Amino acid sequence: MSDPSFSDIPAQYDAGATERALYEAWEAAGLFHAHAERTTRTGGTRDPFTIVIPPPNVTAVLHVGHGLNNTVQDVIVRWRRMAGDETLWLPGTDHAGIATQNVVEKLIAQEGKTRFDLGREPFVARTADFVRETGGVILQQLRAIGASADWRRTAYTLSPELSRAVREAFVRLYEKGLIYRGYRVIHWCPRCLTSLSDEEAEFKDTHGKLYHVRYPFADDPTRFITVATTRPETMLGDVAVAVHPDDARYQALIGTELLLPISNVRIPIVADTFVDKEFGTGMVKITPAHDPNDFEAGKRLGLAMPVVITPDGVLGEVKDADGRVPLALRGVERFDGRKKIVKMLEAQGFLEKIDQHHHAVRHCYRCHTVVEPRLSDQWFVKMAPLAKPALEAVRNGTVRIVPERWEAVYVNWMEGIRDWNISRQLWWGHRIPVWRCERGHEAALRTDPTGPCPTCGGAWSQDEDVLDTWFSSWLWPISTLGWPDKADGNDLKGFYPTDVLVTAPEILFFWVARMIMAGYEFTGKAPFHTVYLHGTVRDMQHRKMSKSLGNGIDPLEVVEKFGADALRWTMIAGMGLGVDVLLDPDDLEKSFAPGRNFATKLWNIGRFLLMQVGQDAVRPLDALDRDKFRSADHWIVNRLADAVRECNAALGPVRPPDGRWPEAQRQAGLRLDAYAEAARRFLWNDLADWYVESSKHRLAEPGDDREIARALLVHCFDQGLRLLHPIMPFITETLWQRLPGRQAGAWLVRAAWPQAPARSELAHEFEVVKDVITAVRQIRNDYALPPTQSLTAHLAGNDAATAIALAEAAFVQRMCRASLVGGAAPAGAAAHALLGGGLEVVIPLEGIVDVAKERGKLEGELAQLEKQLAGLRGRLANPGFVSKAPANVVEAERAKEAEWGARTGLLRAKIKAMGGA
């Protein structure tokens, strides 16, 4: 990249022509590379700072959620890189078992085939080819938004290196007895034909029905009990009806038998304390093979567990269900079967009634099919022993969760954690490393066996299932740094534990909690000290953006139209801590124009400033003689010091002292919107609006005063660009490269983060001048005086402040077209403003406005407003209105009362200034 200067700065900033070339230059220069040997943990001099990217699916394309998540990460990473840390942002992708397999299955379905037609090995090969051809596109797209990751280290969860980590983790847990095979009720997706974990079976509110079914007594069909169910199709698997053993209503019925409708199977009435006596009738039907709670009750009571729904979701006598499913229902899809069963119950007189019922139903998180609870052999991880240190880590401050409200959610989940179902009946993924021989011997192996079973000599066969995708993802912070192959290597030693994990709340349990557990289990340390959970990007109706709703925004389209910096600014400036970002997919201009406009303003500031100061080197700040500073010089130095401190306070603290976050710091920092505003305010309001304006005339005359102004303009712009760079890296780098005196080959990416300069005690003088200018502008606005109208402002009430303002009279004249006069104003109508320290600004209005006419207009406006205000106050004093009107309406009326009250006070002051009563 050639060295630009002020002389070739275009009139307009062209993001499209700048960003790609600049990113390529950054990458070619190796600016994003991190080196473990430079960290203090390996004998180097720099503190390490590490973020691992939440790995997107390998076949994913960039969407607005990725844009938000990766912008947040990049802001933090760029900040710490500039702050001098040896900073690693480690990128990569996830093989995404279910998601990727679903995509490939849809592709081969277009050929009229299924994966079973291809067979396992050809299907896996076909999927691997698909990933090689299409995978990793998102990583290229992340470059377009400025992601400064160390791309040399790009990881992939199905790579040989990470696959070895997965195997090692499995075998260690297996050998400790923490992985076991269990026969129990799990969540089953009939579409994906695989089991799901609790977290992958997501609840969705559903308008369903509650069916009240009569179960006749076996020995007296004229008598019956009534039980309710939302899933009549599972009643074919009922094995009992339970009551509470202490429920006096049903004591005499315990041990009697009922006749299961449709199946005509005899089932007992049993007693179990899991039944809630107070809920409904106090009677619950038990279907152990198709309900997790019923399964536990069935185990306690030694009941049969007939399976009556097949893996692909049709009714049938699958296991231990002989004679339970009539021929007319076998092979019928489960929901069609529900309708048929309801009709049969109604025809046979067993359907008492149907109620509308709103309840939560689990769905597959990938294909959104209604999940079927189903008895199945699966592999599980015992989670309670793993959860204990991970729970304690959050409680004692080793790990903090930001925002705070998610900490209670995490604790609640961990306290009630259930064993993790890790087996999936898929073909794409890490195959479970367990082999069994012909005689039933079993072994979990780190490498594939090369010979027969060492115990009996029988042939081995590997388990058919693959591991849950999250089983590889939970190892991400350690596997990507070389564990277990390089457990003592520089990368793991230098960069682990990592620092901040940036992600969305939706995967707090899927991924974050499990990573903490894996970190403690396999390294004895938490994988990071801070979990930052950002909000979600939503449309103006507060709906999450998605393809299905058609309300998404393509980040690459935004980059093309507005530039990456505009995208990044919009995301960060609009994102409060944990607060959702609202964008309008139907009006990109409204959403992203403010970011583009800020970039334009920044460019104009830079272009004007650089053309004014020239290309000669300037003196460093500490070489300037502060005794020769003007009041504006003292002021801008203080404003820079304030901006640096405000940015640091909004971003930091960086890491916990002594390994644990003290209570006072657990929610400190990571206020990225506050940081963005502090940087913007300094560059736009302080530097451009005030200091640049105050310095223009000083740049024309050679001498010390000119050099001080030049030096401060360049230094403050340089520091402001550094503050803003993590959010808007492209335009800040482009402008910074043009600063006079910049060292050849230097990059803003690697420039030092600003240090707050020493404050000046004389900055208050310029505040006086600012206040006078602001007061005159406000009076001009209040009285609708045209900008071209010359004014005379009289200053009184504070001689010292008056002298300060009069010393800058020429600047005041340029800024607000007002001449300053010391002393009291002449009698007559005038506008007044009282400033701090008792200084009063008085502007005579005689001869400038028609005082009588203006006063009359104001008096009329006041009378009308007072009439409206009286009516409003009467309404608010009416108990009937306040008690019956919606709370938001009452609140709006009270706000209106306060606004109108303030307006009447302003009008009275104006009327008085014009000689009125």
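These notes cover the structure that comes with them. (Residues numbered from 1 in each chain as written. Predicted model: local features only at pLDDT ≥ 70, side-chain atom pairs only at ≥ 80, totals over all residues. Heavy atoms only, no water.)

**Here we look at the overall build of the chain**
Scanning the chain from terminus to terminus reveals 28 helices and 31 strands. Taken along its principal axes, the extent of the C-alpha atoms in the chain is 110 × 75 × 55 Å. Buried positions account for 55% of the 917 residues belonging to the chain. Once local pairs closer than 6 in sequence are excluded, the contacts in the chain between residues at least 24 apart make up 76%. Accessible area of the chain: about 38,900 Å², with a carbon and sulfur share of 51%. Positive and negative side-chain charges in the chain, numbering 110 and 117 respectively, have mean positions lying 1 Å apart. (Helix = DSSP H or I, 4+ residues; strand = E, 2+ residues; numbered from the N terminus. Buried < 20%, exposed > 50% of the residue type's maximum accessible area, 1.4 Å probe, protein only. Contact = heavy atoms within 4.5 Å. Areas by Shrake-Rupley, 256 points an atom, 1.4 Å probe, with all protein chains shown as cover. Lys, Arg positive; Asp, Glu negative; His and termini not counted. Charge placed at Lys NZ, Arg CZ, Asp CG, Glu CD.)

**Points about the sheet that holds strand β28 (residues 791-796)**
Across the sheet, four strands lie side by side as β29-β28-β31-β30; this open sheet has mixed pairing. Every other strand in the sheet has two partners, leaving β29 (818-822) and β30 (830-834) as the edge strands with one partner each. The average angle at which neighbouring strand axes cross in this sheet is 25 degrees, direction not considered. Alignment of β28 against strand β31 (residues 840-844), held across three bridges, turns out to be antiparallel. Among the inter-strand pairings, A796 is bridged to a residue of β31, identified as E840. (Pairing = 2+ DSSP bridges. Axes fitted to C-alpha atoms, helices over the stretch in contact; angles between N-to-C directions.)

**Quick look at the pairing of β28**
Looking at chain direction, β28 and β29 are connected through five bridges and run parallel. Bridge assignment links L791 to a residue of β29, and that residue is A818.

**Some points on the side chain of N69**
If you trace the backbone, N69 turns up in helix α2 (residues 64-82). Ignoring any residue separated from it by four or fewer positions in sequence, one finds N69 in contact with P54, V502, T503 and H534.

**Concerning the nonpolar core**
By size, the foremost hydrophobic cluster in this structure holds 228 residues, and its most contacted members are F471 and M517. Setting aside residues no more than four positions away along its own chain, M517 makes contact with M383, L386, A387, A390, W413, M414, I417 and W474. Counting residues in hydrophobic clusters, the runner-up holds 29 residues, among them Y211, L260, I269 and V342. (Core = buried A, V, L, I, M, F, W, Y, C linked by side-chain atoms within 4.5 Å.)

**So, the pattern of salt bridges**
Counted according to the given criterion, the structure contains 68 salt bridges. Residues E677 and R681 are paired through a salt bridge, measuring 3.4 Å at the closest nitrogen-oxygen approach. Here E677 pairs with R681, and both are found in helix α20 (residues 672-695), just four residues apart, close to one helical turn. By relative accessible area, which is 27% here, R681 ends up partly exposed. Note that E707 is salt-bridged to R706, the shortest N-O span being 3.0 Å. (Salt bridge = Lys/Arg side-chain N within 4 Å of Asp/Glu carboxyl O.)

**A few points about the packing of helix α10 (residues 384-395) against helix α15 (residues 508-523)**
As a packed pair, α10 and α15 sit with axes 8 Å apart at the nearest point and diverge in direction by 110 degrees. Taken as axis vectors, α10 and α15 run roughly perpendicular relative to one another. Where α10 abuts α15, its residues L386, A387, P389, A390 and A393 lie against I516, M517, Y520 and E521. Taken together, the residues of the contact of α10 with α15 break down into eight nonpolar, no polar and one charged. (Parallel < 35°, antiparallel > 145°, perpendicular 65-115°, else oblique. Nonpolar A, V, L, I, M, F, W, Y, C, P; charged D, E, K, R; others polar.)

**What about the pairing of strand β24 (residues 500-503)?**
Looking along a regular strand, one sees the side chains alternate between the two faces of the sheet. Across the two faces of β24 the burial is the same, with V500 and V502 and L501 and T503 all buried. Crossover handedness for the path β24 to α15 to strand β25 (residues 530-533): right-handed. (Right-handed = clockwise from strand over helix to strand, strands pointing away.)

**Side note on the layout of surface pockets**
Here the second largest pocket is characterised by a volume of approximately 1,500 Å³. Lining the second largest pocket are 45 residues, with T229, T230, R231, D291 and H359 positioned closest to its centre. Elements represented by at least two residues in the lining of the second largest pocket include exactly β7 (201-217), β8 (220-229), β12 (283-286), α8 (292-301), α9 (334-347), β15 (351-364) and β16 (372-381). Here the element with the most residues in the lining of the second largest pocket is β7; it accounts for eight residues. Classifying every residue of the lining of the second largest pocket gives 17 nonpolar, 17 polar and 11 charged. (1 Å grid on protein atoms, 1.4 Å probe; cavity = no way out; pocket = protein on both sides within 12 Å on 5 of 7 lines; lining within 4 Å. Points joined across faces, edges and corners; volume = space filled by probe spheres on them.)

**Topic: the sheet that holds strand β22 (residues 460-462)**
Spatial ordering of the open sheet is given by β21-β20-β22, a layout of three strands whose pairing is antiparallel. Either end of the sheet is taken by a strand with one partner, and the two such strands are β21 (442-444) and β22. Going from strand to strand, the sheet's axes swing by 30 degrees on average, the running direction of each strand aside. Across three bridges, the pairing between strand β20 (residues 434-437) and β22 is antiparallel. Note on β22: the bridge partner recorded for W435 is Q462. Its contacts with the sheet put helix α7 (residues 160-175) on β20 and β21, and the angle it makes with β21 is roughly 130 degrees.

**Brief notes about the packing of α20 against helix α21 (residues 704-724)**
The geometry of a pair of packed helices is captured by two quantities: the angle between their axes and the separation between those axes. Two numbers describe how α20 lies on α21: the axes approach to 10 Å, and their chain directions differ by 165 degrees. In this view, α20 runs roughly antiparallel relative to α21, as classed from their interaxial angle. Taken as a pair, α20 and α21 cross one another with a handedness that is left-handed. Facing Y675, A679, F682, L683, L687, Y691, V692 and S695 of α20, the residues of α21 in contact are I708, A709, L712, L713, C716, F717, G720, L721, L723 and L724. Tallied by class, the residues present in the contact of α20 with α21 amount to 16 nonpolar, two polar and no charged. (Left-handed = near helix turned anticlockwise from the far one by under 90°.)

**Focus on the environment of F682**
Relative to the helices and strands, F682 resides in helix α20. When its relative accessible area of 1% is taken as the criterion, F682 is described as buried. Counting along the chain gives 185 residues from F682 to P497, while the straight-line C-alpha distance between them is 35 Å. Each residue touching F682, except ones within four places of it in the same chain, is listed here: I636, R639, L640, A643, L687, C716 and G720.

**Points about unusual backbone geometry**
Cis geometry is adopted by the peptide bond preceding P484, which originates at W483 and carries an omega value of 0 degrees. Tracing the backbone through its elements, the reader meets P484 in the loop between α13 (476-479) and α14 (490-495). For A96, which is not glycine, the phi dihedral falls at a positive 55 degrees. Its place among the elements puts A96 in the loop between β3 (92-93) and α3 (97-109). Its identity as a non-glycine residue notwithstanding, R817 has a phi of 55 degrees, on the positive side. Inspection of the secondary structure puts R817 in the loop between α25 (809-816) and β29.

**Observations concerning the packing of aromatic side chains**
According to the stated counting rule, one finds 27 aromatic pairs in the structure shown. On the basis of an interplanar angle of 35 degrees and a centroid distance of 6.0 Å, the ring pair of F562 and F592 is categorised as tilted. With F562 in helix α16 (residues 555-562) and F592 in helix α18 (residues 588-613), the pair connects residues that are 30 residues apart, well separated along the chain. There is no split in this pair, since F562 and F592 are both buried. The structure contains a cluster of three or more aromatic residues connected by ring pairs, namely F170, Y174, W379, W420, F471, W474, W483 and F522. Sitting over the ring of W26, R78 keeps its end group 4.8 Å from the ring centre. The ring of W151 is capped by R143, whose NZ or CZ atom sits 4.1 Å from the centre of that ring. (Phe/Tyr/Trp six-rings, centres within 6.5 Å; stacked < 30°, edge-to-face > 60°. Lys NZ or Arg CZ within 6 Å of the ring centre and 35° of its normal.)

**So, the side chain of K770**
Among the structural elements, K770 can be located in helix α23 (residues 764-782). Judged by its relative accessible area of 15%, K770 is buried. Beyond its immediate stretch of four places on either side in the chain, K770 contacts W635 and W690.

**Concerning α8**
Here α8 has its buried residues at D294, F295, A297 and G298. End-on view of α8: buried residues confined to an arc of 165 degrees, all on one side of the axis. Opposite the packed face of α8, turned more than 90 degrees from it, sit the exposed residues N293 and R300. Tucked inside the fold, the buried residues of α8 contact β5 (179-189), β12 and β16. G302 occupies a position one or two residues after α8 and carries a positive phi of about 65 degrees. (Arc of directions from axis to C-beta.)

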